[in-house]
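# Topology and contacts: notes
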Amino acid sequence: MKRFFIYLLLSLGLAVSSARTMRDFLVTEPGSVFLSISVGTRMDMIDYYDAGRIEWLTGLTGGEASLQVLTDDYCRVQTSAVRTVEARLLTTRCDTAILVIETVGLPIADSRVTCYDSAWKPIDIKRVMKYPRNDDWFKPGTDASTRDSVARAVRFVPVKWTFEGEKRDTLVATPLLADFHAGEQATQSLMRRAIRDRLTFSIKGNKIKTVK
């Protein structure tokens, strides 16, 4: 019952904003990100985590999910055997946004990056970062002919996004073209010559800047 009233207060926005941490946002997410995990199950996950236990709990669709990491501004939840959700708070003194990475692992890992305000309403990712365009993936000095060859050869660019660093203040995007084009030696060689191994971004407050 105590947990229910805590959830109710958070849902109504009555909690003191400065005291809200990732655990509060994990509980109040309305179901578009953690769509297969009920609020009650998320609360149970937090209770187990606080007790030093990482438990696999049954979700709404019958699959199992687990809270892997939880800090004041970050969480990682394995929502199924093939899907992982990472979320990090982007906080200033007067504003909070939530950056979410959803990664599906089959057949090749591929991520979707979205951003929400403190009420879990979607906001344009461009408000917090310059999202990479196709040209950003090319290594410096890649000539036009090679770029054209890549455009013809690449059917799809799977990109795995993740947070790195002790404070999860580094955002990394890794293209997995070599995995996607496994067995195509000529295409893989072209990718290695032309495509960056990763793009890196630094997180400061509620802004994300490209690391040159």
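Basis of the calculations
- Residues numbered from 1 in each chain as written.
- Predicted model: local features only at pLDDT ≥ 70, side-chain atom pairs only at ≥ 80, totals over all residues.
- Heavy atoms only, no water.
- 1 Å grid on protein atoms, 1.4 Å probe; cavity = no way out; pocket = protein on both sides within 12 Å on 5 of 7 lines; lining within 4 Å.
- Points joined across faces, edges and corners; volume = space filled by probe spheres on them.
- Helix = DSSP H or I, 4+ residues; strand = E, 2+ residues; numbered from the N terminus.
- Nonpolar A, V, L, I, M, F, W, Y, C, P; charged D, E, K, R; others polar.
- Pairing = 2+ DSSP bridges.
- Axes fitted to C-alpha atoms, helices over the stretch in contact; angles between N-to-C directions.
- Buried < 20%, exposed > 50% of the residue type's maximum accessible area, 1.4 Å probe, protein only.
- Arc of directions from axis to C-beta.
- Contact = heavy atoms within 4.5 Å.

Over the atoms rolls a probe the size of a water molecule, and in doing so it shows where empty space is left. This model, assessed by the stated rule, comprises one cavity of 30 Å³ or more. Put simply, the largest cavity is a space of about 30 Å³. Forming the boundary of the largest cavity are Met45, Tyr48, Arg53, Ile54, Glu55, Leu57, Ser66 and Leu67. Looking at the lining of the largest cavity, the elements that each hand over two or more residues are helix H3 (39-50) and strand S2 (64-70). The residue makeup of the lining of the largest cavity, split by class, is five nonpolar, one polar and two charged.

Bringing the sheet that holds strand S10 (residues 199-204) into the picture now. With antiparallel pairing, four strands are arranged side by side in an open sheet as S8-S9-S10-S11. The two strands at the open ends of the sheet, each matched to only one other strand, are strand S8 (159-164) and strand S11 (207-210). The average angle at which neighbouring strand axes cross in this sheet is 25°, direction not considered. Of the pairings in the sheet, the one linking S8 to strand S9 (residues 170-175) comprises six bridges and is antiparallel in character. Residue pairing in the sheet places Val159 in a bridge with Pro175 of S9.

Here we take up helix H6 (residues 185-194). Turning to H6, its buried residues number three or more, namely Thr187, Gln188, Leu190, Met191 and Ala194. Seen end-on, H6 carries its buried residues on one side only, within an arc spanning 160°. Away from the buried face of H6 by more than 90 degrees, exposed residues Gln185, Ala186, Arg192 and Arg193 are located.

Before going further, it helps to examine the environment of Val159. Looking at the secondary structure, you find Val159 in strand S8. Exposure remark for Val159: the relative accessible area of 9% places this residue in the buried category. Note: C-alpha distance between Val159 and Leu177 (18 residues apart in sequence) is 8.2 Å. The contact partners of Val159, leaving out residues within four places of it in the chain, are Ala109, Asp110, Ser111, Trp137, Ala173, Thr174 and Pro175.

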